[in-house]
Amino acid sequence: MVDSAERGVTMKPKTSRAIAITAIIVITVVTLISCQMLPREPFPEADVPNAHARVAGSDDETTLTLGRYSWSYTANGQNYGETLLQIGPQAWNVDELAHVSAASTARVTVTFDEAPLTTYVQSWDEKDLSEEDLVGKPLAWRARRWRDFVNTLGEEVPSTFEDDVLAFEVTPGRRYAISTRFGPDPSEGDRVEYVFTVS
């Protein structure tokens, strides 16, 4: 038979071990909670430059819809990068886009908050992008994938880019996307896309 003294000696290591494990768990949990509760400084907002369109003969200026972009910037002495991967220019709902008014084919000039190195303009017919043109057409849904692929390509729009001003002609009922590149190396620099429709 084991007396009380022996029982106390044999239980002490187990009790000490249990207290040590409990203490470690408590410290770990408190540390994790503290890390989660500490206020985190939000990332500074990316200063992606806007683009503004003006129809020849008009004083109205329209800020274009910002599409996909990849932008690097410096804030508080630190370098940051921000990428917005969203739908392509042909997939926007027309009501979500910047609208430029033109009664007929007109010359448009586009200025940028920061001048890009290169520009490239594409356009699509809004009627082709509309869902309504599929209504009542047999087997149209089978051709949708191919049609989307074709629409993705768009039509190249002749343009000039001189003195940091982009100029090209627009036609009512068409959607336009301007692809730009910034940075010291146009092959590796930041990219920004601007989208608008003409009505």
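Now for a quick tour of the structure. All values derive from a computational prediction rather than experimental measurement.

Rules used throughout
Residues numbered from 1 in each chain as written. Predicted model: local features only at pLDDT ≥ 70, side-chain atom pairs only at ≥ 80, totals over all residues. Heavy atoms only, no water. Helix = DSSP H or I, 4+ residues; strand = E, 2+ residues; numbered from the N terminus. Buried < 20%, exposed > 50% of the residue type's maximum accessible area, 1.4 Å probe, protein only. Contact = heavy atoms within 4.5 Å. Salt bridge = Lys/Arg side-chain N within 4 Å of Asp/Glu carboxyl O. Pairing = 2+ DSSP bridges. Phe/Tyr/Trp six-rings, centres within 6.5 Å; stacked < 30°, edge-to-face > 60°. Axes fitted to C-alpha atoms, helices over the stretch in contact; angles between N-to-C directions.

**Digging into the overall build of the chain**
From N to C terminus, the chain includes three helices and twelve strands. Within the chain, buried positions represent 31% of all 199 residues. Excluding contacts between residues fewer than 6 apart, the proportion of contacts in the chain whose partners are at least 24 apart in sequence is 69%.

**Points about the pattern of salt bridges**
For the structure on display, the rule yields four salt bridges. Between Arg174 and Glu155 there is a salt bridge whose closest N-O contact spans 3.5 Å. Of this pair, Arg174 sits in strand E11 (residues 174-181) while Glu155 sits in strand E8 (residues 155-156), and the two are 19 residues apart along the sequence.

**A short note on the pairing of strand E1 (residues 51-55)**
When you tally the buried positions in E1, you get four out of five residues, the bulk of the element. Bridge analysis of E1 against strand E6 (residues 106-112) gives five bridges, and the strand direction is antiparallel. By the bridge assignment, Arg54 is partnered in E6 with Thr109. As paired strands, E1 and strand E2 (residues 61-63) are joined by three bridges and run antiparallel to one another. By the bridge assignment, Ala53 is partnered in E2 with Thr62. Hairpin connection between E1 and E2: a loop of five residues separates the two successive antiparallel strands, and Gly57 in this loop has a positive phi of roughly 85°.

**What about the packing of aromatic side chains?**
Here the structure, examined in full by the defined rule, presents seven aromatic pairs. With 5.8 Å between their ring centres and 55° between their planes, Phe112 and Tyr194 make a pair best called tilted. Of this pair, Phe112 sits in strand E6 while Tyr194 sits in strand E12 (residues 191-198), placing them 82 residues apart in sequence. Residue Phe112 shares its accessibility class with Tyr194, and that shared class is buried. Between Phe168 and Phe196, the aromatic rings sit 6.3 Å apart at their centres with planes inclined by 40°, giving tilted as the arrangement. With Phe168 in strand E10 (residues 165-170) and Phe196 in strand E12, this pair connects stretches of sequence that are 28 residues apart. Look at Phe196 and you get buried, because its relative accessible area is 0%. Among the aromatic residues, those joined into a ring-pair cluster are Phe112, Phe161 and Tyr194.

**A closer look at the pairing of E6**
The side-chain alternation of E6 yields one buried face, formed by Ala106, Val108, Val110 and Phe112, and one unburied face, formed by Arg107, Thr109 and Thr111. Taken together, the six bridges between E6 and E10 define a ladder with antiparallel strand orientation. The residue of E10 that forms the bridge with Ala106 is Val170.

**A look at the sheet that holds E10**
One open sheet accounts for five strands, arranged E2-E1-E6-E10-E9; its pairing is antiparallel. Lying at the two open borders of the sheet, with one neighbouring strand each, are E2 and strand E9 (159-162). Within the sheet, the average angular offset between the axes of one strand and its neighbour, ignoring direction, is 25°.

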